[in-house]
Protein chains: 4
Amino acid sequence: MSNKKQIGIIGATGYTGEELLRCLALHPQAEVAFVTSEKEAGASLASVYPHMPLYKDLQLITAQQAAARAVDLVFLCLPAGESAPLARAFVAKNIKVVDLGADFRFSDPAVYKAWYGMEHPAPDLLDRSVYGLPEWNRDKIRSAAIVGNPGCYPTSVQLAVLPFLKAGLLADAAIIVDSKSGVSGAGKSPTKTTHFVSVNENLSPYKAGRRHRHVGEMETHLQNFSGQKADIIFTPHLTPITRGMLSTIYVQTKTVMDKAQVLQVLKDAYTSEPFVHVLQEDYPSMKMAANSNYCFLGAEAPGGKTIILFSAIDNLGKGASSQAIQNMNIMLGLPEESGLLT
Amino acid sequence: MSNKKQIGIIGATGYTGEELLRCLALHPQAEVAFVTSEKEAGASLASVYPHMPLYKDLQLITAQQAAARAVDLVFLCLPAGESAPLARAFVAKNIKVVDLGADFRFSDPAVYKAWYGMEHPAPDLLDRSVYGLPEWNRDKIRSAAIVGNPGCYPTSVQLAVLPFLKAGLLADAAIIVDSKSGVSGAGKSPTKTTHFVSVNENLSPYKAGRRHRHVGEMETHLQNFSGQKADIIFTPHLTPITRGMLSTIYVQTKTVMDKAQVLQVLKDAYTSEPFVHVLQEDYPSMKMAANSNYCFLGAEAPGGKTIILFSAIDNLGKGASSQAIQNMNIMLGLPEESGLLT
Amino acid sequence: MSNKKQIGIIGATGYTGEELLRCLALHPQAEVAFVTSEKEAGASLASVYPHMPLYKDLQLITAQQAAARAVDLVFLCLPAGESAPLARAFVAKNIKVVDLGADFRFSDPAVYKAWYGMEHPAPDLLDRSVYGLPEWNRDKIRSAAIVGNPGCYPTSVQLAVLPFLKAGLLADAAIIVDSKSGVSGAGKSPTKTTHFVSVNENLSPYKAGRRHRHVGEMETHLQNFSGQKADIIFTPHLTPITRGMLSTIYVQTKTVMDKAQVLQVLKDAYTSEPFVHVLQEDYPSMKMAANSNYCFLGAEAPGGKTIILFSAIDNLGKGASSQAIQNMNIMLGLPEESGLLT
Amino acid sequence: MSNKKQIGIIGATGYTGEELLRCLALHPQAEVAFVTSEKEAGASLASVYPHMPLYKDLQLITAQQAAARAVDLVFLCLPAGESAPLARAFVAKNIKVVDLGADFRFSDPAVYKAWYGMEHPAPDLLDRSVYGLPEWNRDKIRSAAIVGNPGCYPTSVQLAVLPFLKAGLLADAAIIVDSKSGVSGAGKSPTKTTHFVSVNENLSPYKAGRRHRHVGEMETHLQNFSGQKADIIFTPHLTPITRGMLSTIYVQTKTVMDKAQVLQVLKDAYTSEPFVHVLQEDYPSMKMAANSNYCFLGAEAPGGKTIILFSAIDNLGKGASSQAIQNMNIMLGLPEESGLLT
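The structure presented is a predicted model; accordingly, all values stated were derived computationally and were not measured. (Residues numbered from 1 in each chain as written. Chains lettered and ligands numbered in written order. Predicted model: local features only at pLDDT ≥ 70, side-chain atom pairs only at ≥ 80, totals over all residues. Heavy atoms only, no water.)

Describing the domain arrangement of chain A
Residues and elements named next belong to chain A.
(1) Moving on: The domain architecture assigned to chain A consists of domain 1 (5-149 + 320-331) and domain 2 (152-313).
(2) Moving on: Measuring from the centre of the C-alpha atoms in domain 1 to the corresponding centre in domain 2 gives 25 Å.
(3) Moving on: In this assembly, 21 residues from domain 1 lie in contact with 28 residues from domain 2.
(4) Moving on: Carbon and sulfur atoms make up 56% of the area that domain 1 and domain 2 hide from each other, which totals about 2,200 Å².
(5) Moving on: Between Glu217 and Arg105 there is a salt bridge, with the nearest N and O atoms lying 3.4 Å from each other.
(6) Moving on: At the level of elements, helix 1 (15-25), helix 5 (109-116), helix 6 (134-143) and helix 11 (317-331) are the ones that each hand at least two residues to the side of domain 1 that touches domain 2. (Domains from an automatic or database assignment. Contact = heavy atoms within 4.5 Å. Buried area = accessible area lost by both parts, 1.4 Å probe. Salt bridge = Lys/Arg side-chain N within 4 Å of Asp/Glu carboxyl O. Helix = DSSP H or I, 4+ residues; strand = E, 2+ residues; numbered from the N terminus.)

So, the pairing of strand 1 (residues 5-10) of chain B
Residue and element names in this part refer to chain B.
(1) Moving on: Of all six residues making up strand 1, five are buried, and the element is well covered by its neighbours.
(2) Moving on: In terms of strand pairing, strand 1 meets strand 2 (residues 30-36) through six bridges, oriented parallel. Residue Ile10 lies in a different strand from strand 2, and its bridge partner there is Thr36.
(3) Moving on: Here strand 1 pairs with strand 4 (residues 73-76) via four bridges, running parallel. For Gly8, the partnering residue across the bridge sits in strand 4 and is Val74. (Buried < 20%, exposed > 50% of the residue type's maximum accessible area, 1.4 Å probe, protein only. Pairing = 2+ DSSP bridges.)

Regarding the relation of the copies chain C and chain B
(1) Moving on: With an RMSD of 0.0 Å, the operation that places chain C on chain B is a rotation of 180° combined with a shift of 0.0 Å along the axis. Those values place the two copies in the arrangement expected of a two-fold rotation axis. Minimal C-alpha separation from the rotation axis in chain C is found for C:Leu26, amounting to 3.9 Å.
(2) Moving on: The residues that chain C uses at the interface reappear at the interface of chain B in 100% of cases, marking a shared surface. (Least-squares fit on C-alpha atoms with pLDDT ≥ 70 in both.)

Describing the interface of chain C and chain A
(1) Moving on: Across the contact, 38 residues belong to chain C and 38 residues belong to chain A.
(2) Moving on: When chain C packs against chain A, close to 3,100 Å² is buried across both sides, 61% of that on carbon and sulfur atoms.
(3) Moving on: A per-residue breakdown of the area chain C buries against chain A is headed by C:Glu201, C:Leu203 and C:Lys287, which together make up 20% of the total.
(4) Moving on: Across the chain C-chain A interface, the total number found is four salt bridges.
(5) Moving on: Its salt-bridge partner being C:Asp178, residue A:Lys180 comes within 2.9 Å of it at the nearest N-O pair.

With respect to the relation of the copies chain C and chain A
(1) Moving on: For the pair chain C and chain A, the relating rotation is 180°, the translation along its axis is 0.0 Å, and the fit reaches an RMSD of 0.0 Å.
(2) Moving on: A shared binding surface is used by both copies, with 100% of the interface residues of chain C retained as interface residues in chain A.

Some remarks on the packing of aromatic side chains
(1) Moving on: All told, the structure shown has 40 aromatic pairs over all chains when counted by the stated rule.
(2) Moving on: Between A:Phe275 and A:Tyr294, the aromatic rings sit 6.1 Å apart at their centres with planes inclined by 50°, giving tilted as the arrangement. With A:Phe275 in the loop between helix 10 (259-270) and strand 12 (276-278) and A:Tyr294 in the loop between strand 12 and strand 13 (295-300), the pair connects residues that are 19 residues apart, well separated along the chain.
(3) Moving on: Since its relative accessible area comes to 2%, A:Tyr294 is described here as buried.
(4) Moving on: For the pair D:Trp136 and D:Tyr270, a centre-to-centre distance of 6.4 Å together with 80° between the ring planes defines the contact as edge-to-face. With D:Trp136 in helix 6 (residues 134-143) and D:Tyr270 in helix 10 (residues 259-270), this residue pair connects regions lying 134 residues apart in the sequence.
(5) Moving on: Connected via pairs of aromatic rings, a cluster forms that spans C:Tyr131, C:Trp136, C:Phe225 and C:Tyr270. (Phe/Tyr/Trp six-rings, centres within 6.5 Å; stacked < 30°, edge-to-face > 60°.)

Notes on unusual backbone geometry
Residue and element names in this part refer to chain A.
(1) Moving on: Phi at Asn94 takes a positive value of approximately 60°, unusual for a residue other than glycine.
(2) Moving on: For Asn94, the location among the structural elements is in the loop between helix 4 (84-92) and strand 5 (96-99).
(3) Moving on: On the basis of relative accessible area, Asn94 is assigned to the exposed category, the value being 67%.
(4) Moving on: Even without glycine at this site, Glu201 takes up a positive phi of about 55°.
(5) Moving on: Positionally, Glu201 belongs in the loop between helix 8 (196-199) and strand 9 (204-205).

Re the sheet that holds strand 11 (residues 245-252) of chain B
Residue and element names in this part refer to chain B.
(1) Moving on: Taken in spatial order, the seven strands of this open sheet run 9-10-8-11-14-13-12, and their pairing is mixed. Here the strands that pair on one side only, and so sit at the sheet edges, are strand 9 (204-205) and strand 12 (276-278).
(2) Moving on: Both strand 11 and strand 14 (residues 306-313) contribute to a ladder of eight bridges, which runs antiparallel. Looking across to strand 14, one finds that Met245 is bridged to Ile313.
(3) Moving on: Of the strands in this sheet, strand 8 (175-181), strand 10 (232-238), strand 11, strand 12, strand 13 (295-300) and strand 14 are in contact with helix 7 (residues 152-166), which crosses strand 14 at around 135°. (Axes fitted to C-alpha atoms, helices over the stretch in contact; angles between N-to-C directions.)

Comments concerning the pairing of strand 10 (residues 232-238) of chain D
Residue and element names in this part refer to chain D.
(1) Moving on: Judged by how many residues are buried, strand 10 sits mostly within the fold: seven of seven residues are covered.
(2) Moving on: Residues Ile232, Phe234, Pro236 and Leu238 point to one face of strand 10 and Ile233, Thr235 and His237 to the other, with burial holding for every one of them.
(3) Moving on: Here seven bridges tie strand 8 (residues 175-181) to strand 10, and the two strands are oriented parallel to one another. Note that in strand 10 the partner of Ile176 across the bridge is Ile233.
(4) Moving on: When strand 9 (residues 204-205) meets strand 10, the two strands line up antiparallel, connected through two bridges. Counterpart to Pro205 in the pairing with strand 10 is His237.

Listed below in structure tokens is the structure:
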């Protein structure tokens, strides 16, 4: 038998599950032990992903069948509210869990309820779970039973803003976040909104202001990690792009900073981070991060107290599945970059 | 009251209905009298098409309510099998009908049944209907009660091939049609196939060989108009494009023809046609015909008996709605180019 | 001879020239008398635009040859600095001029120099020219000899912001403009930046802060039309879209306003305007305005003093050529909507 | 020092060079020793590819500087005619060469001259070079000094057609190839043809019939590998896609074959090949092969003697750089799948 770490994927037929399979294909120390799908259980993975011949011998099973399998770590790719019972079962067997959904992104069930409109499904598990933003929470991730993998928008925003908040450089004003996302972030279910004709040659704002649930996640963890209160005004936009995310962020500094000073704050924060890179001249663009676990940061300082921060990630990469792999690497004691350096 | 021709649109909320509205907006001698939608009846058109403020005072009604309205002509934008009862009602009131669906594209109900898998819903109406390819059937369209507006693929293919078939220039071999279509041709219902992520950065063949219903329409009318039998091998492809269609067609000639001779056959056929244009040097590309009623034709002759014909239309334009307007103009005695010359 | 107004286009081979041709094709009271191109003079327009058979008999001439032609109005589609001598020659012959470039967008040559880095090429003509934003300057446009057609970004921003500035509703804080543009705004010259592979699946900020020349145009005319000083922080983004523009604008109000109040300000400003439409529920998206002269406005009010305004136009439509046609209609005493209502 | 194989890339700043870098990033037994660019020599690779932080310490050097470096294998990413002197220098030092250009794709210099319009620049090297289509030439590749990496279109076509030609199943008629390619195949130089606005919402045939140089490459090697003469009629199309290639191929069989029989021929040919996969139900689509070294094959048999073959690859993957890596693996005695199984 392989001495690679054995990994299970619950909900393998969505975009994040597919991306986990892609990431694990070249991982030198981990491999896929099982994949589940309630709808497609019994089918071969090849029938769902004919373009992944590497996995052609894997069979889709149900989550219940999966519960009997001994593995090292399980990824949960499920909608908010559905992860808890499975997480509990795996944790009981000392199997590590990375949840790509929203159920373990908040330590306070009241905050979860406020933004997700339902009671938290497993408040008892919250003290065994941590928020999986490795650059700001690496130590806790290392020993956590459950990691709540961050949302895509919050990942892009926190990585850009936290160095300034933490250093106490920001004035007490709303942080304005104008984000642009690829369509894969909206999930695989066909809807009027994701129809090709609706998206192509179009760019659409949605849930602007404080309507998107990720506002709660951003505010919670910006405060947790920096100790400073953060108010967010947030406009996400759907773009005619499959994968990618760019956040253009407008913050108020306490004193006037020039571009070099602004970039220095970012560079100081991430100098030894393998996946966060600060651009000196260029601004980050969405495509730079495509198909990778990288976050590219940049900035502009027009001369006043408003500065502009740019943060580019792949919404399915650092914004979801490859960040989940990064968390897996940390939790299993593997080199953090394993399988991710492209 | 306006002395413009009064036009009704049955099924105004799909792509072809929307395109009819766009075409009629600038038509100098016709205007929209009513629009129907069974699902959205009662709503204002503005709620469905907020981008068309011109029509903001129109109310969507049911087809039944529409039957009571006195108009000059009605467009039917309905799935195969659903047009017949409405067509019968309008014809009974001496209202002209252009059906953008498939129900009046075949004069022989047996052929309809062979390709559409159901009994023809109104065989009694067939002798009052004609096939609406104006360049090859103008005289009959002028006096018809019902016009069956051609399918998009058949329009692009017939316009290119008919001049050669009619002139007896083709050998008795299969005509190979490799067509590429914009996604709007697949309709507005969200499906896995039309999800942005499925289409973008992709190009997919489907229903290849003789599986697509348009093969029957092509073969029927190529023979009707030319008097020659035509066998079609057809591969449609879905492309990451909203609107447009390009057919690349491989035919066998009886004798070797050079490119100039091939182009001359096309030019002779369409010299006085306002909407069919033969390119001398360039090949047609899909975008040339976008948002217009034009068909652009071109050719290549590699030296043997296989020649290549190119035909570009807009699948919603000459492939559907603007061709329907062209038919309307002919049926109502208006200048054929009215509202269409862009 | 036609009794339509005779129109000349200087620089007809760029995207704005092509769009003027498209708009004029269906204009009931105006037609194209000549088209120029220094590079392509002598060629037929058909060789440049084979997809526009309507103009196939037009020959491209030089600007110098054009100077001898008697027409009613001339469009100048030239880079900054090149319009002045031609404008002078046409004005001297009492031919009206609409300049789609930047030379007549500023009444103060010092402001022009500050943003365009060169002396104004024709300061003597400035008092015969006016800024062509019809909704805010209609009366002056009516009698102007020269109209400086607004830039695309400034059009989208001014239409959204002016009603608030003018009504004195905004606090004295920077207006943050996050704009997204189609690639046609970058012009037709092939560059690394506009290569398909660079743009596709990408979204890139550029010239952020106060680096883009349109900042000067916005600030100048926001102040001119409202009497209030406006400071702009501006981030334009290049998007994988051919035509379209969306500006997401964050402004600080003096008092807290709810969404209904915000929308009412917009509706009051534009209630009788044919080309500016305020959306009640939805936010505007880029595609709504495609191929039209419309501007769609919308808003969100998250509860504090920061409100979000949305403005969607077609960068080649209301952002350039169709707005130029609107100006032409006003200058020539034609109905303002002529040829534009789709 | 690393005991990984040391690899040089001549011409690293084009799309194929960039893709080689991407492939080598995760290769367990090979790593990049140097990269060259005549234009950018002296710059850091990070300035050209800021999105590849892994290579941020590599400096671009000139080809002449590279000649002094001891490596195991060199990739040449150069235009036709420019590879020969470099190939000669490296071979003289017993450094293996994979040429991604056209100079070593033909063993007969007369055929090269006929299609490329110039004398072969190094006829003396031709007997040390072999054609690098591993599935059909693996043994010779193993011991070759120089491998001529196949063109993208020829790779897609040969893999589909060779099993039928070799088995003597095809009638003596032209093979009709209708191919669709992503834009990256046209190279990185900005041109009118590759401008985003020209490509987006468009699909354009070019060099149809026998005008494209790849016709010569296809015919040469179809005959070499099968012993049967092959006549090609070829229409390439440019599509609004960054990466990908789909060839739809119409061949005449000697006897009528059904779909199962057709697929069996393909499956028998590639049963043990890791990178060529035959689809049973679905047709291949372009995106299936994106970012991979896979070729997906499929077929349709409409009942007569014309059958349809589908072949999907990534034009930068199996059509260029990852196939070059596959050749490298074979030449250096590494596992053929190393670094490629995703």
